[in-house]
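If you want the building blocks of each chain, they are given just below.
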Amino acid sequence: MLQMKLCGDLVLREKCEPVDEITPDVLSAMDEMVKMMAEQNGVGLAAPQVGITKRFLVMMNPDSGEVFKMVNPKITGRGTKTVIMEEGCLSVLGPDNLPVFANVSRPDSVTVEWIDEQGHPCAAEMSGLPARIIQHETDHLDGVLFIDYLSPVKREMVMRKVRRHK
Ligand SMILES: [Zn+2]
């Protein structure tokens, strides 16, 4: 069974390795990650968040309910317009065991390429919430957390809550 890794765990800071082959282990990990994401009302979960330093993730489009399982996802284009949105992370929890939220500025639209679970290359343009989620999740594969984008003062406000998490 996979376990959620929380802020402070160094695995969240590792740069993940590309997936060479979509093995049964990768497929079962993605299935379990979809369940964990749903159970915790999340909209995305990346492999390092469950302790696997490989480049794959799962995400849900909250508008359509569609679930994506992405292997080796890569953002290949970013729109010039940026927007501020509130973000949280299943690895950044506060004292109530719920994600701590903070505003982050990112491009409003992106182009993303990935391999699906059958091994087919896919590409999509995303904007709004799905674009936000895929940027947050692909950051995880490079060891980047959303709190890294916050000002020192804002980050300290978030970390104060995280430190009170039991
Ligand atoms: Zn996250």
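This paragraph deals with the overall build of the protein chain. Helix and strand content of the protein chain: 3 helices and 7 strands. Tracing the protein chain from N to C terminus, the helices and strands come up as α-β-β-β-β-β-β-β-α-α. Expressed as lengths along the three principal axes of its C-alpha atoms, the size of the protein chain is roughly 45 × 40 × 30 Å. Looking at the protein chain as a whole, 33% of its 166 residues are labelled buried. Taking the intrachain contacts of the protein chain between residues at least 6 apart in sequence as the baseline, contacts between residues at least 24 apart amount to 66%.

With that out of the way, let us pick up helix H2 (residues 129–141). When the terminal C-alpha atoms of H2 are compared, their 19 Å separation across 13 residues agrees well with the 18 Å that a helix rising 1.5 Å per residue should span. Of all the residues in H2, the buried ones are Pro130, Ala131, Arg132, Ile133, Ile134, Gln135, His136, Glu137, Thr138, His140 and Leu141. Once H2 finishes, Gly143 follows within two positions and takes phi at roughly 75 degrees, a positive value.

The terminal C-alpha atoms of helix H1 (residues 24–39), which comprises 16 residues, lie 23 Å apart, in line with the 22 Å expected from a rise of 1.5 Å per residue. The set of residues buried in H1 consists of Ala29, Met30, Met33 and Met37. Along the axis of H1, the buried positions cluster into a sector of 100 degrees, meaning they face one direction only. Those residues of H1 that are exposed and angled more than 90 degrees off the buried face are Pro24, Ser28, Lys35 and Glu39.

Our next topic: the sheet that holds strand S6 (residues 109–115). Within the open sheet, the 5 strands sit side by side as S1-S2-S3-S6-S7. Their pairing is antiparallel. Either end of the sheet is taken by a strand with one partner, and the two such strands are strand S1 (44–46) and strand S7 (121–127). When the angles between neighbouring strand axes are averaged without regard to direction, this sheet yields 40 degrees. Relative to strand S2 (residues 56–60), S1 runs antiparallel, the two sharing 3 bridges. Each residue of the ladder has a partner; that of Leu45, found in S2, is Val58. Strands S1, S2 and strand S3 (67–78) of the sheet are contacted by H1, whose axis makes an angle of about 35 degrees with S2.

Our focus in this paragraph is the nonpolar core. Counting 36 residues, the largest nonpolar core has Leu45, Ala47, Leu57, Val58, Met59 and Ile134 as its most contacted members. For this core, the secondary structure elements donating two or more residues are H1, S1, S2, S3, strand S5 (102–107), S6 and H2. The biggest single contributor to this core is S2, with 5 residues. Leaving out residues up to four positions away in the same chain, Met59 has contacts with Val43, Gly44, Phe68, Ile133, Ile134 and Glu137.

A separate point is the environment of Met30. Locating Met30 in the fold gives a position in helix H1. Residue classification places Met30 among the buried positions, given that 21 C-beta atoms sit within 10 Å. Along the primary structure Met30 and Ala47 are separated by 17 residues, whereas in three dimensions their C-alpha atoms are 8.1 Å apart. Aside from chain neighbours lying at most four places away, what touches Met30 is Phe56, Val58, Lys69 and Glu117.

Rules used in this analysis
- Residues numbered from 1 in each chain as written.
- Predicted model: local features only at pLDDT ≥ 70, side-chain atom pairs only at ≥ 80, totals over all residues.
- Helix = DSSP H or I, 4+ residues; strand = E, 2+ residues; numbered from the N terminus.
- Buried ≥ 20, exposed ≤ 12 C-beta atoms within 10 Å, placed from the backbone.
- Contact = placed C-beta atoms within 7 Å.
- Expected span 1.5 Å × (residues − 1).
- Arc of directions from axis to C-beta.
- Pairing = 2+ DSSP bridges.
- Axes fitted to C-alpha atoms, helices over the stretch in contact; angles between N-to-C directions.
- Core = buried A, V, L, I, M, F, W, Y, C linked by C-beta atoms within 7 Å.

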